[in-house]
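# Structural features, examined
For reference, the chains in residue letters:
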Amino acid sequence: GLFFSDGRRKVDYILCYKSKERRAFKHRLSISSNGGIPLQSLGRWEAEGETVEAGGPAGDIEDSKLTEEEKALMREDFEAGLVEAGLQIERDKERPNGIRFIRLHIPWPILSREAELQKIKVAVKKKCELRKRTGIAGLWDSFVTKVNTPFQPDTPDFDTHKDSETRIHFKTLKHPFIRDKLHLYDIKSTETLFDNATRSRIVAEIISRTSCRQPYQTTGINSLIARRVYDSAFPLHDGSFTRRGRKDQRNDRQLLHEEWANYGVMHKYQPVDLIRKYFGEQIGLYFAWLGVYTQLLIPPSVLGIIVFLYGIFTVDDNVPSQETCNDSLNITMCPLCDGVCDYWHLSTVCSLARASYLFDNGATVLFAIFMSLWAACFLEHWKRRQMCLKHSWDLTSLEDEEERVQEELRPEYEEALQEKKIKLKAQMKKKARAVTVGSGCGWRQITVDEGEKKQEPDSLDVEDHLSGYLVNVATLLFLIFVTFSAVFGVAVYRICMLSVWSMNPDPEAKASVRMTVTTTGIILNMLVVLVLEEVYGAIAVWLTETELPKTTEEFEERLIVKSFFLKSMNAFAPIFYVAFFKGRFAGRPGDYVYVFGDYRMEECAPPGCLIELCIQLSMIMLGKQLIQNNVFEVLIPKLKKMYRTIQEEKGKKKASEKNEEKEEEKRPKQQFDKDYVLEPFEGVGSEYMEMIIQYGFVSLFVASFPLAPAFALLNNVIEIRLDAAKFVTEIRRPDAVRCKDIGIWYNILCGISKFSVITNAFVISFTSEFVPRMIYQYMYSTNGTLNGYTDHSLSYFNVSDFPPGTAPTTTLITGVSVCRYKDYRDPPWKPDAYTQSKEYWSVLAAKLAFVIFFQNLAMFLSMLVAWMIPDVPRTLREQLKKENMMLMEFLLNQDQEAQ
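What counts and how
Residues numbered from 1 in each chain as written. Predicted model: local features only at pLDDT ≥ 70, side-chain atom pairs only at ≥ 80, totals over all residues. Heavy atoms only, no water. Axes fitted to C-alpha atoms, helices over the stretch in contact; angles between N-to-C directions. Helix = DSSP H or I, 4+ residues; strand = E, 2+ residues; numbered from the N terminus. Parallel < 35°, antiparallel > 145°, perpendicular 65-115°, else oblique. Contact = heavy atoms within 4.5 Å. Nonpolar A, V, L, I, M, F, W, Y, C, P; charged D, E, K, R; others polar. Polar contact = N/O pair within 3.5 Å; in protein donor to acceptor, adjacent residues only side chain to side chain. Disulfide = S-S within 2.5 Å. Buried < 20%, exposed > 50% of the residue type's maximum accessible area, 1.4 Å probe, protein only. Core = buried A, V, L, I, M, F, W, Y, C linked by side-chain atoms within 4.5 Å. Phe/Tyr/Trp six-rings, centres within 6.5 Å; stacked < 30°, edge-to-face > 60°. Lys NZ or Arg CZ within 6 Å of the ring centre and 35° of its normal. UniProt positions renumbered as here; feature names shortened; annotations may be inferred. Patch = residues over 30% accessible without salt bridge, like charges linked within 9 Å, V, L, I, M, F, W, Y side chains within 5 Å. Areas by Shrake-Rupley, 256 points an atom, 1.4 Å probe, with all protein chains shown as cover. Salt bridge = Lys/Arg side-chain N within 4 Å of Asp/Glu carboxyl O. Expected span 1.5 Å × (residues − 1). pLDDT = per-residue confidence, 0-100. Pairing = 2+ DSSP bridges.

### Looking at the packing of helix α8 (residues 281–296) against helix α9 (residues 298–314)
With their axes 4 Å apart at the nearest point, α8 and α9 run at an angle of 25° to one another. Of the possible angle classes, the one that applies to α8 and α9 is roughly parallel. In contact with T294, Q295 and L296 of α8, α9 contributes I298, P299 and P300. Looking at the contact of α8 with α9, its residues break down into four nonpolar, two polar and no charged.

If you want it as structure tokens, here you go:
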């Protein structure tokens, strides 16, 4: 199935469509056109006694109501245009399930013409020596190369070669292809000069600009697929992904399967050059970026584990934890809810206090500053890596106009524009009739017809997009409300369950009610986040379609912005609530804030909300990654593939029952049959989105969960091989799209990195106990230690001041006259009882000062790192100059010899 029936011409692209049983075409078997046989002889189709000819009248019709005869006419006209463009076509026999495949081949004259137009670079007969660093830098490079050798994939080098005698590396120089100067290029065979990905990309460009005029005007294969004239269009994989012969006989797909999409090679680097060669620059850049991100997660992962271990080893020496766990202090806390909740001893949250210290210690602040520097280093390192890839992949001179020879209109935009033209024509015809009838003169009619042609629009204006913009604004505002309502709903669930479960007469159950409510609330939050993420993804696509973007690039950028806004808001809203809002507006004993009139707003535990923030972050992050990896990326594609296979088998079974297509059953399965049942490629946007959201988890709240980079590292090591297996074995081969960089995703990464400085500053200041402890130790402590900090951070409340009905109805702790609560307020025996004390204002001022100091320090260091690390390595700049000089000399010498 990789070649035409003659066994010589490659299949460069596949078109397929489904034919209905009610249509009876004239029997055609493997009708082949080599570009010289016109297809007009196939212009008459017979269907149920009716004959429809090409060139029939065109009218205003909805695409969904296209008849099978009209679709057949559109296919014939489109394929005639492909033959006119120079492509060669071979049709396969109809399958038992009604699927028909059309194979396309691009011959050398057309291939060379298109390669010249698209400025595709080809290797010339000149090589350039790759410069190596000398001295200490050279020794270091040699050491790194030897260390990395066991981790390199067993794949060939495509553009670099090593001289076996001198051990010098050479790079093959490339120059845009010119048909009239074939002597410049290192051409062994015209059949192998351009690889399969390049050939399929050129064919994809041709079929994207080919027009179909009968019976309805449309341009490009995507428009025909949207109108269901064709079912799908895709390039073929390079055969099976499982190797049957010797190791040196592996095709590129088998190489990728064994050296990349295999859990046995998790310790090796990715073969990014082979990925780019097989899938194109867009997918190659994604996996290169993912590899850099994963590799650079190693230092913060190690440091985060060290910070966590530091907390474990020093928790026994932590004075606030010791005071919390000290039963002899006999600190009685105020009830957690009104009426049914009892007083409780502070020592009952001993384990919570010790756990909080593991993530809330002095090392956490240093780690947060380090992560700000790490984010800057990561972005700078990726820019350098991207420049190196652009050099090795010959993308340094790629301009925007070269990325797409022709901007293809989206089918939906084209349809809306066509509808606008039809409406405008109808209005002009009405005016023309009115003018003709009113004047009785023919020359007025001619004037109106000329005006009609002049006024025919070439594009949609603002008024045509206005309704879509209004729908977008209204829907986004509604979804923001839905997200905050979901967070508030889970908070109400925790508030209600705290009161309900506190009625349990069992003392042990009452002691664990806070942890039970917190855990169930976090699980519920995670489920809500997962469900809303899928819903928001579908809504983002719908909203972008209502805007009617003109081109595919514009559509993708708008979709990325909307998807990121909705999904990041959904993922981070519960975490923001716990970090910055929970317990801030709960009030105090005797003057609490109530929800629905009866339920108190929830409060943080005495050790603070940081431990709950840590649990919330870890549960959502891990649960999201595990469920997405196992369900959405593995299970669902396999189920879809299974469903398509079952449907195909049902079609064959029905055909065999009718004694049809006997010889079809004997023929082995072709490659296009195998590729058709695979999952269609839907872009790398979802892959980027998953990693960008993870990057937000790693950077935005790393001060509360230092282990986040380690969990992200473990996930990504598996994620790379999981995505690799999906691309190699589970989805159809995508078009090889050329691009220079990762696009708008880099801007999103920069925004997250800058915003993370602010969030971490506020987490350390307002969520953790770092600043209050420092203020107590250096301003209020008598001996400069934290002894007495716990008592200092708790305020007093006289139980006689409880409003009626809010004091505990039954209590196991007798003789309570005052209870304690977490706040800085004056005691009841002072004149201004229960007002915020001077300690409160001192701590607040210190918190704000720390935010300003931390933010400016982190920003300054980040800018310093960005300034110190150049975007383009010095060795690469020198290598580019050397290559350009050698290439110009080679071209001049060749021109002189030709003269």
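### Remarks on the side chain of R820
Summarising the element assignment, R820 is placed in strand β20 (residues 818–822). From its side chain, R820 meets the backbone oxygen of L794 in a polar contact 3.0 Å long. Apart from residues lying up to four places away in sequence, R820 is in contact with I331, T332, M333, C334, D791, L794, S795 and Y796.

### Re the state of the cysteines
What the rule picks out here adds up to four disulfides. With its sulfur 1.8 Å from that of its partner, C325 forms a disulfide with C350. Negative torsions about the S-S bond denote left-handed disulfides, and the value of about 90° found for C325 with C350 makes this one right-handed. Taken together, the residues span a long stretch of sequence, with C325 in helix α10 (residues 319–325) and C350 in helix α11 (residues 350–359) at a distance of 25 residues. For C337, the disulfide goes to C341, at an S-S distance of 1.6 Å. Across the S-S bond linking C337 and C341, the dihedral sits near 90°, which makes this disulfide right-handed. By the burial criterion, C337 is buried, and C341 matches it. Look at the protein chain and number its bonded cysteines as they come in the sequence; the links are 1-5, 2-8, 3-4, 6-7.

### Details of the nonpolar core
As a rule of thumb, nonpolar side chains are buried together in soluble globular proteins. In terms of nonpolar packing, the biggest core is built from 120 residues, with W289 and Y293 touching the most fellow members. Looking at this core element by element, the count peaks at twelve residues for helix α12 (residues 362–392). Not counting residues up to four positions away in its chain, the partners in contact with W289 are F378, W382, Y688, M691, I692, I742 and L749. Judged by nonpolar contacts, the second largest core, of 41 residues, contains L104, I106, C128 and C212.

### A short note on the packing of aromatic side chains
As enumerated under the stated definition, the model contains 44 aromatic pairs in all. With a centroid separation of 6.5 Å and 55° between ring planes, the pair formed by W289 and F378 is classed as tilted. Here the residue W289 occupies a position in helix α8, and F378 occupies one in helix α12, the gap between them amounting to 89 residues. Among the residues examined, F378 registers a relative accessible area of 1% and is labelled buried. The interplanar angle of 35° and the centroid separation of 5.3 Å between the aromatic rings of F797 and Y834 together place this pair among those described as tilted. One end of the pair, F797, is in strand β19 (residues 794–798); the other, Y834, is in the loop between β20 and α28 (838–868), and 37 residues separate them in sequence. Just above the ring of Y17 sits the side chain of R75; from NZ or CZ to the centre is 3.8 Å.

### Looking at the UniProt feature "transmembrane region" (unreviewed entry) in the protein chain
Those residues carrying the UniProt feature "transmembrane region" (unreviewed entry) are residues 286–313, 362–382, 476–502, 522–543, 564–581, 692–714 and 848–869 in this numbering. Note that residues 522–543 is 100% helix and 0% strand, and that its end C-alpha atoms are spaced 30 Å apart.

### Quick word on a nonpolar patch on the surface
A grouping of W140, F143, V147, F151 and Y269 is seen on the molecular surface, where their side chains present a nonpolar patch of about 490 Å² in accessible area. Tracing the sequence through the fold places Y269 in the loop between α6 (252–259) and α7 (272–279).

### Remarks on helix α18 (residues 513–546)
In this model α18 runs 48 Å from its N-terminal to its C-terminal C-alpha over 34 residues, within 8% of the 50 Å that 1.5 Å per residue would give. Looking at the residues trailing α18, positive phi occurs at L548, about 55°.

### A closer look at unusual backbone geometry
One non-glycine residue, R228, adopts positive backbone phi at about 65°. Along the chain, the position of R228 falls in the loop between α5 (221–226) and β12 (232–234). Located in the positive-phi region is N330, a residue other than glycine, with phi close to 50°. Along the polypeptide, N330 turns up in the loop between α10 and β13 (332–333).

### Remarks on the pattern of salt bridges
The final tally for this structure, using the stated rule, is 40 salt bridges. The salt bridge involving R199 is made with D12; its shortest N-O contact spans 2.8 Å. One end of the pair, R199, is in helix α4 (residues 196–209); the other, D12, is in the segment before β1 (13–18), with 187 residues separating them in the sequence. When sorted by exposure, R199 lands in the same class as D12, which is buried. As a salt-bridge pair, R250 and E259 come within 3.8 Å of each other at their nearest N and O atoms.

### Concerning α9
Here α9 is 17 residues long and its end C-alpha atoms lie 24 Å apart, about the 24 Å a rise of 1.5 Å per residue gives. Within the sequence span of α9, burial applies to P300, S301, G304, V307, F308, G311 and T314. As for α9, its buried residues are in contact with α8, α11, α12 and α24 (708–730).

### Let's talk about the environment of T809
Inspection of the secondary structure puts T809 in the loop between β19 and β20. Relative accessible area serves as the criterion here: at 64%, T809 is assigned to the exposed category. The sequence separation of T809 and C341 amounts to 468 residues, and the corresponding C-alpha distance is 8.1 Å.

### Overview of the packing of helix α19 (residues 552–580) against helix α25 (residues 744–767)
Direction vectors running N to C along α19 and α25 enclose 10°, while the axes themselves pass 13 Å from each other. When the axes of α19 and α25 are compared, the pair comes out roughly parallel. Within the contact between the two elements, α19 uses E557, I560, V561, F564, F576, A579 and F580 and α25 uses I744, W745, I748, I752, F755, T759, F762, V763 and T767. Partitioned by chemical class, the residues of the contact of α19 with α25 number 13 nonpolar, two polar and one charged.

### A short note on the confidence of the model for the protein chain
In low-pLDDT regions, the fine details of the predicted coordinates are not to be read closely. Confidence in the prediction for the protein chain averages 81 pLDDT; 86% of positions are at 70 or higher. Model confidence for the protein chain, summarised as mean pLDDT per element, is weakest for strand β4 (residues 50–53) at 32 and strongest for α8 at 94. Note on residues 21–64: pLDDT under 50 across the span, and 76 contacts to partners over four residues away in sequence or across chains. In the model, residues 400–406 has pLDDT below 50 throughout and makes 14 contacts with residues more than four positions away in sequence or in other chains.

### Overview of the pairing of strand β5 (residues 88–91)
The alternating pattern of β5 places Q88 and E90 and I89 and R91 on opposite faces, both of which are buried. With four bridges connecting them, β5 and strand β6 (residues 99–105) associate as antiparallel partners. Across the sheet, Q88 pairs through a bridge with H105, a residue of β6.

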